[in-house]
Amino acid sequence: MFRFTRPLLQQVTKKTTGIVGLAVHQNPLPELTNTYNSTLSVLASIPPTSVYRQGVEALTKHKLNIVQGANGDIASVEKQLDEGQIEESLDIAKDELKLAENMLEWKAWEPLEEKPLPGQWEYFGNTSSPTSS
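On a predicted model such as this, the values are computed, not experimentally measured, just so you know.

K.L.:
Just to check I follow, could you spell out the overall build of the chain for this structure?
P.N.:
Per the secondary structure count, the chain includes four helices and zero strands. When the helices and strands of the chain are listed from N to C terminus, the series reads α-α-α-α. Counting every position in the chain, which comprises 133 residues, the buried fraction comes to 27%. Taking the contacts inside the chain whose residues are at least 6 apart along the sequence as the reference set, 63% of them involve residues at least 24 apart. For the chain, the exposed area adds up to about 10500 Å²; of that, 55% sits on carbon and sulfur atoms.

K.L.:
Is there a simple way to explain the nonpolar core in this structure?
P.N.:
Leu 32, Tyr 36, Leu 43, Tyr 52, Val 67, Val 77 and Leu 81 are the most contacted members of the largest nonpolar core, which totals 21 residues. Listing elements by their share of this core, those giving two or more residues are α1 (28–43), α2 (51–69), α3 (74–81) and α4 (86–106). In this structure, Leu 81 is in contact with Leu 32, Tyr 36, Lys 63, Ile 66 and Ser 89, ignoring residues within four places of it in sequence.

K.L.:
I'm lost on the side chain of Thr 33 in this one. Help?
P.N.:
For Thr 33, the position within the fold is in helix α1. For Thr 33, a relative accessible area of 17% puts it in the buried group. Those residues in contact with Thr 33, other than ones at most four positions away along the chain, are Leu 64, Val 67 and Gln 68.

What counts and how
- Residues numbered from 1 in each chain as written.
- Predicted model: local features only at pLDDT ≥ 70, side-chain atom pairs only at ≥ 80, totals over all residues.
- Heavy atoms only, no water.
- Helix = DSSP H or I, 4+ residues; strand = E, 2+ residues; numbered from the N terminus.
- Buried < 20%, exposed > 50% of the residue type's maximum accessible area, 1.4 Å probe, protein only.
- Contact = heavy atoms within 4.5 Å.
- Areas by Shrake-Rupley, 256 points an atom, 1.4 Å probe, with all protein chains shown as cover.
- Core = buried A, V, L, I, M, F, W, Y, C linked by side-chain atoms within 4.5 Å.

Here's what the structure looks like:
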């Protein structure tokens, strides 16, 4: 009369990442989405001409599109991001957010306060300027 069936959506829960100090996150995709959005928000305060902003903004938008397009499939996100486990991607995203906040504080896009000494930015063994042919 009654038929026992398995639930349609069985969620496999991993118990460990296998990486010392990196705990399993129970709901990583919303957290990753929030972190990417926070990073984009901070980057919006950096001048659009900043090379740092341009690069990180493009990369963060790309990663956000991957997460949003995965429809909750963590394995797909891990494969497309190619950063290891989803918890590692979350750590990377949080580190980038912290760096973006620091870059905003440091105003790294502004000119140097002091002019560099002659030869300070020359590479060893390279006595010609990078623009000379």
